[in-house]
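Chain by chain, the residues run as shown.
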Amino acid sequence: MASILGPSLSIVTSYAFRNETTLVAHSPVWISCARPGNRNHFQLKSSNGLPLNALSSNDGLAASSLAMADSKSQSLEGSFPLSDSELTGPNLTITVVGASGDLAKKKIFPALFALYYEDWLPENFLVFGFARTKMTNDELRIMISKTLTCRIDKRENCEDKMDKFLKRCFYHYGQYNSEEHFSELDSKLREKEGGKLSNRLYYLSIPPNIFVDVVRCASLKASSKDGWTRVIVEKPFGRDSESSSELTKCLKQYLTEDQIFRIDHYLGKELVENLSVLRFSNLVFEPLWSRNYIRNVQIIFSEDFGTEGRGGYFDNYGIIRDIMQNHLLQILALFAMETPVSLAAEDIRNEKVKVLRSMRPLQLENVVVGQYKGHSKGGKSYPGYTDDPTVPKGSLTPTFAAAALFIDNARWDGVPFLMKAGKALHTKRAEIRVQFRHVPGNLYKRNFGTDLDKATNELVLRVQPDEAIYLKINNKVPGLGMRLDRSDLNLLFRSRYPREIPDAYERLLLDAIEGERRLFIRSDELDAAWALFTPLLKEIENKKIAPELYPYGSRGPVGAHYLAARHNVRWGDLGNEDS
Amino acid sequence: MATLYSTQCPSFFAYSPSSSSFSSSNLALLQRVNFSRRFLASKASLKSQPLSSQAPVNTQQHHGAVAAAVTPIENGTSHKQLKAELLSVMSPEESQGEADFEKDENESTVSITVVGASGDLAKKKIFPALFALYYEDCLPKHFTIYGYARSKMTDAELRNMVSKTLTCRIDKRENCSEKMDQFLKRCFYHSGQYDSQENFAGLDKKLKEHEGGRTSNRLFYLSIPPNIFIDAVKCASLSASSGNGWTRVIVEKPFGRDSESSAALTKSLKQYLTEDQIFRIDHYLGKELVENLSVLRFSNLIFEPLWSRQYIRNVQLIFSEDFGTEGRGGYFDHYGIIRDIMQNHLLQILALFAMETPVSLDAEDIRNEKVKVLRSMRPLQLQNMVIGQYKSHTRGGVTYPAYVDDKTVPDGSLTPTFAAAALFIDNARWDGVPFLMKAGKALHNKRAEIRVQFRHVPGNLYNRNIGTDLDRATNELVIRVQPDEAIYLKINNKVPGLGMKLDRSNLNLHYAARYSKEIPDAYERLLLDAIEGERRLFIRSDELDAAWSLFTPVLKELEEKRIIPEYYPYGSRGPVGAHYLAAKYNVRWGDLGTDIDQ
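Residues numbered from 1 in each chain as written. Chains lettered and ligands numbered in written order. Predicted model: local features only at pLDDT ≥ 70, side-chain atom pairs only at ≥ 80, totals over all residues. Heavy atoms only, no water.

Engineer: Would you mind going over the overall build of chain B with me for this structure?
Structural biologist: Scanning chain B from terminus to terminus reveals 19 helices and 18 strands. The buried share among the 598 residues of chain B stands at 62%. Restricting to contacts in chain B with at least 6 residues of sequence separation, those with at least 24 account for 80%. Looking at chain B as shown, the accessible area adds up to about 21800 Å², and 50% of this sits on carbon and sulfur atoms. (Helix = DSSP H or I, 4+ residues; strand = E, 2+ residues; numbered from the N terminus. Buried < 20%, exposed > 50% of the residue type's maximum accessible area, 1.4 Å probe, protein only. Contact = heavy atoms within 4.5 Å. Areas by Shrake-Rupley, 256 points an atom, 1.4 Å probe, with all protein chains shown as cover.)

Listed below in structure tokens is the structure:
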């Protein structure tokens, strides 16, 4: 961690060395070294004439392009908690634009605190809140402190740490489109940075219509002079291909591609991260990962609540834009992509773009839309979507959608990828289900009876709640007869890994700080994703397709079943089995 | 899928082929009929009253047709609905046939004679298994159990002896003692010499009395030392065969000491019995997870593509006991661990594991495939074998005796109590894949398991996360036969957290957690199969020949060269040689790792 003043050669070498032995080492420091983000360091090192080991080959495009963009700052990034307090690293200032908003309070500040608690943040970091509300630093701190929590297994010193964290939090009030206010922010920042090398991260937690204003002001007036400046943007990234590319175009007036970090918090979920590990580090899965063995793939998202008075934003977008076009499609791309050259961000994103571009744009006939209606159950009545006062009367915005997608490449030709997303359904869950084909010439056919579909294998990755991976296999029921049933080979994360699983935002913030772009969406990815959905979205809106109404708390519209049946699929989440 | 835990035993007797009266082509058909019945659990449970056993052939075939017509039936279908379906496909004539069955039911009986009834196996395994079958309604309505041995004993004495070892399963305590009494009333004893036709004729007379003119099927379980097999078979066959039903003989290992003695034994048996009267039992084949092996392989799409040299690096068959001969070394010393465990139990499991997909699940089809795979194997060579013998060891003040300290073991015995071997199957599927076997007594734990180690991931993107020991990062499928049945698949997984750290976790199925029912003892299954004429789990003569021809040369060589076993302390992990043997084939024993093995 001498690194602040420029990493010395010897330190770097030791990283490279440690990195090879990751599995063996257990301290957080080593873990941090294992992060792909740190690969950038190796890249730089090897160019310094250190022996190129196997590691460097993985760096590929990403690192080199990065190296161009901000090689200096990269090398100086104090991303690991090297805690020699004498030596100080570069400053890192994280400005949360829209600090008084809900997301900031519920997710961003707590995630930052968790990173701080676990020593992931550089020695010298500052957190700035920026919003239109008038507030003092203390008021901000009080507001934040209400939502900070410590993980159950980390109660120790929690109060203490919180206080320390809050002391690093400041507030600056300003208009989002005022360059003047941003230059005030800049001078405050500079004051705190005290003339040292500084990196700046902006988190835009604001409505999309002011994205560009903020980016303009921040970029022109409050960029770091000597370190990097990065901007994290949250969805929505436009409403369709045109508005999205317009937004991208505007952003690019002020930012380069590698300064833009489009966040999709689903990509930060533990099991989504694990998807690539499962696929690429286990021999037993890769041979199965194609149309030869996989019958269909289901990507399912459901919430058990409606808009509950926050329908204003939602009504303008609808479930397809809100969940499918981004979260579910991203998961699909990760699931279906070809093996990347390396785990470097650019290699992975290249493969994702390829698979997205191999997909057929969605057609209306392969989509079912629904909207929840009021429902009374057990004396309690639940409101319909249009009962929400923030939703325009007679709104046709879908709160549920199911879609069948197809990838026209050699690996996936003919395999339906079904997506389902909905609000106000009977459960809250997110999962990926892979249904395998029938066993050809199954010797045990007669044991299964008429319903062969129930006898196929299924791999389930449950993203939430209660992370788990399980594989349904056919098994003989112990006993003297020959009866088969489906049992699960399972891995329940909670019982295997008692440690709390970090929130997706923690991972993504840390990745942005470290410049690891793997889990962020590149512009061309975004274009490809929109290209799939835009024609459909336009058609739904132009034709004013009425959604199928389903009762609040139900399993969603029946149409989803017909859609699945048309492609010979049975939804895996509606069986009566435990799962 | 609904599972019928309460399902009664799926056996009933309408289709039991009488081996003495059917031609072999009939037999094949009947086996298929038999098979479908056995595998239609829900149908079986509908027949709470067993049908008659001795029906004319054509009626049986009718029934076969019925069974075929109702298949496939979903396991979860209710009995009532099933019965309706079943009846609806029956013509009136057939229904009439069924009625005839009900009437005939009194006409058939099974007599099970345990020859060597006072022996240990009989007491500990056979009688309890018979009782369990009775308790679960798997035995036909009319059955008689006879103990036969040289000791003088009365029926009451036998009952007293048997009753001491009977237990009820934990989940079946109800009426247990009542059931025991009923069972014991059906047990009788006949004292006689094993080589006396006269004594067997006496048994025959008594059996006939109990059979009371019904069609009688007779099952002899030979729980006696191998040197008197032939005598007992001769006498039983000549003097106590069933006149009008089938007669079957269950024989336990050892089946000879080598190819020649085994062939001689088979030849002698065949003087008195036909092939399908001989039921060579290998109780490992009756173990739940061994039975499940075929189900896993053939009813799951995800396993079959992996089942070849392309993906499997090696297969390990491991058997260990945590005790020595403990004063019973007499028999063991004559055979040794290779004959006692490897040549039969482990080799049988290997054959089931490695065989090609059979045409059907019929006994003959499966056994054909097993013979094929055994015949594709290279006979074992001395250089691929490590033998060991345990020596005494003192730990925590307790001294454990060496093998040769056992009074029943001759001084200076070189008999191996441990052996490890590498076998190879020279066929397209398995060429070059080492199959490692390890069996030993007086080791540090008691277990039996199959481990399948998969190859490395080619071009693994995560190599750097795995560190230097790539072997630890391969997938492994473990089928644990005992104790504590389980199946688990070791996979690489990301450790939750902000870093990218991988470890191996298990996708697992723990039987005790998933299936609350007690798992039946292997002997129950095998006895029931023998009664039903299901030969799938018994060893055919040509299988036995093939198995012996793999081991005979090396056994001879070991004995002729008087190869000294490597000594290992009682309670240890066995001789180091086993590791070198494995290392020679680039294998690491999976049971000695430090990782979690739930």
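Engineer: Help me understand empty space enclosed by the protein in this model?
Structural biologist: Unfilled space is identified by rolling a water-sized probe across the atoms. Residue and element names in this part refer to chain A. Taken as a whole, the second largest cavity holds about 120 Å³ of empty space. Only helix H12 (270–281) and helix H14 (345–357) provide two or more residues apiece to the lining of the second largest cavity. Looking at which element gives the most residues to the lining of the second largest cavity, the answer is H12, with three residues. (1 Å grid on protein atoms, 1.4 Å probe; cavity = no way out; pocket = protein on both sides within 12 Å on 5 of 7 lines; lining within 4 Å. Points joined across faces, edges and corners; volume = space filled by probe spheres on them.)

Engineer: Is there a simple way to explain the pattern of salt bridges in this structure?
Structural biologist: Note on pairing: side chains with opposite charge can pair once their charged atoms come close. In this structure the tally under the stated criterion is 67 salt bridges over all chains. When the shortest N-O distance is used, the salt bridge between Arg 339 of chain B and Glu 559 of chain B registers 3.1 Å. Of the two residues, Arg 339 of chain B sits in helix H13 (residues 329–354) while Glu 559 of chain B sits in helix H18 (residues 541–560), which places them 220 residues apart along the sequence. Take Arg 339 of chain B: its relative accessible area is 5%, and that puts it in the buried class. Given the relative accessible area of 40%, Glu 559 of chain B is considered partly exposed. Within this structure, Glu 270, Glu 273, Arg 507, Glu 516 and Arg 518 of chain A together with Lys 494 of chain B form a network of salt bridges that share partners. (Salt bridge = Lys/Arg side-chain N within 4 Å of Asp/Glu carboxyl O.)

Engineer: Before we go on, may I ask you to explain the packing of aromatic side chains in this structure?
Structural biologist: The description of an aromatic ring pair rests on the distance of the ring centres and on the angle between the ring planes. Residue and element names in this part refer to chain B. According to the stated counting rule, one finds 45 aromatic pairs over all chains in the structure shown. Here the aromatic rings of Tyr 390 and Tyr 403 are separated by 5.8 Å at their centres, their planes lie at 70°, and the arrangement is edge-to-face. Taken as a pair, Tyr 390 in strand E8 (residues 385–391) and Tyr 403 in the loop between strand E10 (398–400) and strand E11 (418–423) lie far apart in primary sequence, 13 residues in all. Each member of the pair Tyr 390 and Tyr 403 is classed as buried. The interplanar angle of 20° and the centroid separation of 5.0 Å between the aromatic rings of Tyr 400 and Tyr 570 together place this pair among those described as stacked. (Phe/Tyr/Trp six-rings, centres within 6.5 Å; stacked < 30°, edge-to-face > 60°.)

Engineer: Looking at this structure, how should I read the sheet that holds strand E5 (residues 229–233) of chain A?
Structural biologist: Strands belonging to one sheet form pairs held by backbone hydrogen bonds; the direction of such a pair is parallel or antiparallel. Residue and element names in this part refer to chain A. One open sheet accounts for seven strands, arranged E3-E2-E1-E4-E5-E6-E17; its pairing is mixed. Each edge of the open sheet carries a strand with a single partner, namely strand E3 (169–173) and strand E17 (520–521). Relative to E5, strand E4 (residues 198–204) runs parallel, the two sharing five bridges. When the bridges of E5 are listed, Leu 201 appears paired with Arg 230. (Pairing = 2+ DSSP bridges.)

Engineer: Please clarify how the sheet that holds strand E17 (residues 538–539) of chain B should be interpreted in this entry.
Structural biologist: Residue and element names in this part refer to chain B. The seven strands lie next to each other as E3-E2-E1-E4-E5-E6-E17, forming an open sheet whose pairing is mixed. The sheet is open, and its two borders are formed by strand E3 (187–191) and E17, each paired with just one other strand. Bridge count between strand E4 (residues 215–222) and strand E5 (residues 247–251): five bridges; the pairing is parallel. By the bridge assignment, Leu 222 is partnered in E5 with Val 251. Sheet strands touched by helix H7 (residues 155–163): strand E2 (143–149) and E3. Its angle to E3, the strand with the most contacts, is close to 120°. (Axes fitted to C-alpha atoms, helices over the stretch in contact; angles between N-to-C directions.)

Engineer: What exactly am I supposed to notice about the side chain of Arg 248 of chain B here?
Structural biologist: Residues and elements named next belong to chain B. By the secondary structure assignment, Arg 248 is in strand E5. One buried charge, Arg 248, has no salt-bridge partner; the nearest side chain with opposite charge is Asp 276, at 7.4 Å. A distance of 2.6 Å separates the side chain of Arg 248 from the backbone oxygen of Ala 530, its partner in a polar contact. (Lys, Arg positive; Asp, Glu negative; His and termini not counted. Polar contact = N/O pair within 3.5 Å; in protein donor to acceptor, adjacent residues only side chain to side chain.)

Engineer: Please explain the pairing of strand E14 (residues 476–482) of chain B as it appears in this structure.
Structural biologist: Residue and element names in this part refer to chain B. Summarising burial for E14: seven of the seven residues are buried, a large majority. Sheet topology places strand E13 (residues 447–454) next to E14; six bridges connect them, and they run antiparallel. By the bridge assignment, Glu 449 is partnered in E14 with Arg 480. Pairing analysis gives five bridges linking E14 to strand E15 (residues 486–494), with the strands arranged antiparallel. Counted as the bridge partner of Arg 480 is Ala 486 from E15. The hairpin formed by E14 and E15 contains three residues between the paired strands, and Asp 484 there has a positive phi angle of roughly 65°.

Engineer: Can you walk me through the packing of helix H10 (residues 211–221) of chain A against helix H11 (residues 241–254) of chain A in this structure?
Structural biologist: Working note: a packed helix pair is described by the angle between its axes plus the distance between those axes. Residues and elements named next belong to chain A. In the contact formed by H10 and H11, the axes pass within 9 Å of each other and the chain directions differ by 10°. On the basis of the axis angle, H10 is roughly parallel to H11. Contacts between H10 and H11 pair Phe 211, Val 212, Val 215, Arg 216, Ser 219 and Leu 220 from the former with Leu 247, Cys 250, Leu 251 and Tyr 254 from the latter. The class makeup of the residues in the contact of H10 with H11 is eight nonpolar, one polar and one charged. (Parallel < 35°, antiparallel > 145°, perpendicular 65-115°, else oblique. Nonpolar A, V, L, I, M, F, W, Y, C, P; charged D, E, K, R; others polar.)

Engineer: How should I be thinking about the nonpolar core in this particular structure?
Structural biologist: As a rule of thumb, soluble globular proteins bury nonpolar side chains together. In terms of nonpolar packing, the biggest core is built from 339 residues, with Phe 335 of chain A together with Phe 183 and Phe 353 of chain B touching the most fellow members. Every residue in contact with Phe 353 of chain B, bar those within four places of it in the chain, is listed here: Leu 293, Arg 297, Trp 307, Ile 312, Val 315, Trp 430, Phe 435, Ile 450 and Val 452 of chain B. (Core = buried A, V, L, I, M, F, W, Y, C linked by side-chain atoms within 4.5 Å.)

Engineer: Even after reading the chapter, I still don't get the pairing of strand E13 (residues 429–436) of chain A, so can you show me in this structure?
Structural biologist: Consecutive side chains of a regular strand alternate in pointing toward one face of the sheet and then the other. Residue and element names in this part refer to chain A. In terms of burial, E13 is a largely internal element, eight of the eight residues being buried. Both faces of E13 are covered, namely the face carrying Arg 429, Glu 431, Arg 433 and Gln 435 and the face carrying Ala 430, Ile 432, Val 434 and Phe 436. In this structure, strand E7 (residues 294–302) lies alongside E13, joined through eight bridges in antiparallel fashion. Looking at E13, one finds that Ile 294 is bridged to Phe 436. Taken together, the six bridges between E13 and strand E14 (residues 458–464) define a ladder with antiparallel strand orientation. Bridge pairing links Arg 433 to Val 460 in E14.

Engineer: Would you explain the environment of Ala 117 of chain B in this entry?
Structural biologist: Residue and element names in this part refer to chain B. Within the fold, Ala 117 resides in the loop between strand E1 (108–115) and helix H6 (120–135). Each C-alpha atom of the pair Ala 117 and Ser 191 lies 9.7 Å from the other, and the pair is 74 residues apart in sequence. With residues near it in sequence (within four places) discarded, Ala 117 still touches Ala 122, Lys 123, Phe 127, Gly 147, Tyr 148, Ala 149, Leu 158, Met 161 and Tyr 189.

Engineer: Sorry if this is basic, but what is going on with helix H8 (residues 176–185) of chain B here?
Structural biologist: Because an α-helix packs 3.6 residues into every turn, residues spaced three or four apart end up facing the same way. All names here are of chain B. Taken together, the buried positions of H8 are occupied by Cys 176, Lys 179, Met 180, Phe 183 and Leu 184. Looking straight down H8, one finds its buried side chains confined to an arc of 135°; they lie on one side. In this fold, the buried residues of H8 make contact with H6, E2, H7 and E3. (Arc of directions from axis to C-beta.)

Engineer: Just to check I follow, could you spell out helix H12 (residues 288–299) of chain B for this structure?
Structural biologist: All names here are of chain B. An ideal rise of 1.5 Å per residue puts 16 Å on twelve residues; H12 measures up with 16 Å between its terminal C-alpha atoms. Taken across its twelve residues, H12 has twelve buried, putting it largely inside the fold. Within the sequence span of H12, burial applies to Glu 288, Leu 289, Val 290, Glu 291, Asn 292, Leu 293, Ser 294, Val 295, Leu 296, Arg 297, Phe 298 and Ser 299. (Expected span 1.5 Å × (residues − 1).)

Engineer: I keep staring at unusual backbone geometry and nothing clicks. Help me out?
Structural biologist: Keep in mind that most residues, glycine aside, have a negative phi and that most peptide bonds are trans. Along the chain, Lys 235 of chain A connects to Pro 236 of chain A via a cis peptide bond; the corresponding omega equals 0°. Here Pro 236 of chain A shows up in the loop between E5 and H11. Pro 483 of chain B follows Gln 482 of chain B through a cis peptide bond whose omega is -15°. With respect to the helices and strands, the residue Pro 483 of chain B is situated in the loop between E14 and E15. Located in the positive-phi region is Asp 119 of chain A, a residue other than glycine, with phi close to 65°. Of note, Asp 119 of chain A is situated in the loop between helix H6 (102–117) and strand E2 (125–131).

Engineer: Any chance you could explain the packing of helix H10 (residues 229–240) of chain B against helix H11 (residues 259–272) of chain B here in plain terms?
Structural biologist: Residues and elements named next belong to chain B. Interaxial distance between H10 and H11 falls to 9 Å at its minimum, and their mutual angle equals 10°. Taken together, the axis directions place H10 and H11 in an arrangement best described as roughly parallel. For the pair formed by H10 and H11, the contact residues are Phe 229, Ile 230, Val 233, Lys 234, Ser 237 and Leu 238 on the first element and Leu 265, Ser 268, Leu 269 and Tyr 272 on the second. Classifying every residue of the contact of H10 with H11 by side-chain character gives seven nonpolar, two polar and one charged.

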